[in-house]
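Remarks on the overall topology
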Amino acid sequence: MKLPSVDSLKCAVLRLHEGNLIFPISLLAELVTNGELEDSTTQGLEGWLTWRSRRVPVIALESLCKTQYDSSSTDSKYLILHTVSTYMGLPFIAIRVQGGMQIVDLKEDNLRNDYSGNLQRCPYVARQVRISKLLCFIPDLPAIEKMLVEVLQIKS
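These notes cover the structure that comes with them. What you see is a predicted model; the values in this text were computed from it and never measured. (Residues numbered from 1 in each chain as written. Predicted model: local features only at pLDDT ≥ 70, side-chain atom pairs only at ≥ 80, totals over all residues. Heavy atoms only, no water.)

Throughout the structure, instances matching the rule amount to 1 aromatic pair. Between tryptophan 51 and phenylalanine 92, the aromatic rings sit 4.9 Å apart at their centres with planes inclined by 75 degrees, giving edge-to-face as the arrangement. Of this pair, tryptophan 51 sits in strand β5 (residues 47-51) while phenylalanine 92 is found in strand β8 (residues 92-106), placing the two residues 41 residues apart along the sequence. Over the ring of tryptophan 48 we find arginine 55, and its NZ or CZ is 4.3 Å from the ring centre. (Phe/Tyr/Trp six-rings, centres within 6.5 Å; stacked < 30°, edge-to-face > 60°. Helix = DSSP H or I, 4+ residues; strand = E, 2+ residues; numbered from the N terminus. Lys NZ or Arg CZ within 6 Å of the ring centre and 35° of its normal.)

See the structure below:
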């Protein structure tokens with residue numbers, strides 16, 4: 001029996017302050033719409049979100065990439081993602097997003113590299129692309145997770 005080839009990947013697209021975040025839907029744990037953020041004084045960390053009786057570190061991609069954004073937005077939501085690394089003390093991370101979520105079937109020929117803007121040089125963005133007319137950032141989750149492990153001093 002021949003298995004069908006995988007020619008698309010189901011992805012979620014969520015709005016950031018400027019641009020959009022795109023990632024495989026398989027990493028999504030939950031989109032929290034009414035979470036309360038506990039502030040953090042740790043550089044690179046927006047704060048902590050209590051989700052399902054656990055504290056999850058929250059980052060804002062714009063903040064990590066040192067771009068201007070409004071952190072006091074009333075439309076903020078928190079995207080809870082499964083981590084891709086093997087750090088036992090970091091099973092989930094949260095990313096601050098805005099608006100609703102759109103599901104797309106992503107094919108390689110839908111992606112066009114986009115080198116405009118400053119986020120392209122951010123070490124926490126793996127790739128900056130356009131899907132149709134949407135500017136999207138593919139987060140570098142291993143780099144984000146490594147930074148969190150270092151700043152939070154999580155043991156492996």
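In terms of nonpolar packing, the biggest core is built from 30 residues, with Leu21, Phe23, Ile59, Leu61, Leu81, Ile144 and Leu148 touching the most fellow members. When residues of this core are traced back to their parent elements, those giving at least two are β1 (9-15), β2 (20-24), α1 (61-64), β7 (76-82), β8, β11 (134-139) and α2 (141-152). Ranked by the residues each element gives to this core, the list is headed by α2, at 6 residues. Beyond its immediate stretch of four places on either side in the chain, isoleucine 59 contacts Gly44, Leu45, Glu46, Leu64, Ala94, Ile95, Arg96, Ile144, Met147 and Leu148. Listed in part, the 10 residues of the second largest apolar core include Val32, Leu49, Ile80 and Ala94. (Core = buried A, V, L, I, M, F, W, Y, C linked by side-chain atoms within 4.5 Å. Buried < 20%, exposed > 50% of the residue type's maximum accessible area, 1.4 Å probe, protein only. Contact = heavy atoms within 4.5 Å.)

The full count for this structure, using the stated rule, is 5 salt bridges. Salt-bridge contacts for arginine 52 lead to glutamate 30; the nearest nitrogen and oxygen are separated by 3.1 Å. Here arginine 52, found in the loop between β5 and β6 (54-59), pairs with glutamate 30, found in strand β3 (residues 28-32); they are 22 residues apart in sequence, far enough to count as distant. Arginine 55 serves as the salt-bridge partner of glutamate 38, at 3.0 Å between the closest nitrogen and oxygen. (Salt bridge = Lys/Arg side-chain N within 4 Å of Asp/Glu carboxyl O.)

Time to look at the environment of leucine 31. Locating leucine 31 in the fold gives a position in strand β3. For the pair leucine 31 and arginine 96, spaced 65 residues apart in the sequence, the C-alpha separation amounts to 9.9 Å. Beyond its immediate sequence surroundings of up to four residues, leucine 31 is in contact with Leu14, Lys77, Tyr78, Leu79, Val97 and Met101.

The next thing to look at is α2. Since there are 3.6 residues in each turn of an α-helix, residues three or four apart along the chain are aligned in direction. With 12 residues, α2 should cover 16 Å at 1.5 Å per step; its first-to-last C-alpha distance of 16 Å lies within 8% of that length. Taken together, the buried positions of α2 are Leu141, Ile144, Glu145, Met147, Leu148, Val149 and Leu152. Where α2 is buried, its residues meet β5, β6, α1, β7, β8 and β11. Positive backbone phi, approximately 55 degrees, marks glutamine 153, located one or two places after α2. (Expected span 1.5 Å × (residues − 1).)

What the rule picks out here adds up to 1 disulfide. Cysteine 65 shares a disulfide with cysteine 122; S-S distance 2.0 Å. Classification of the bridge connecting cysteine 65 and cysteine 122 rests on its S-S torsion, roughly -80 degrees, and on that basis the disulfide is left-handed. Of the two residues, cysteine 65 sits in the loop between α1 and β7 while cysteine 122 sits in the loop between β9 (111-113) and β10 (125-131), which places them 57 residues apart along the sequence. Each member of the pair, cysteine 65 as well as cysteine 122, is classed as buried. (Disulfide = S-S within 2.5 Å.)

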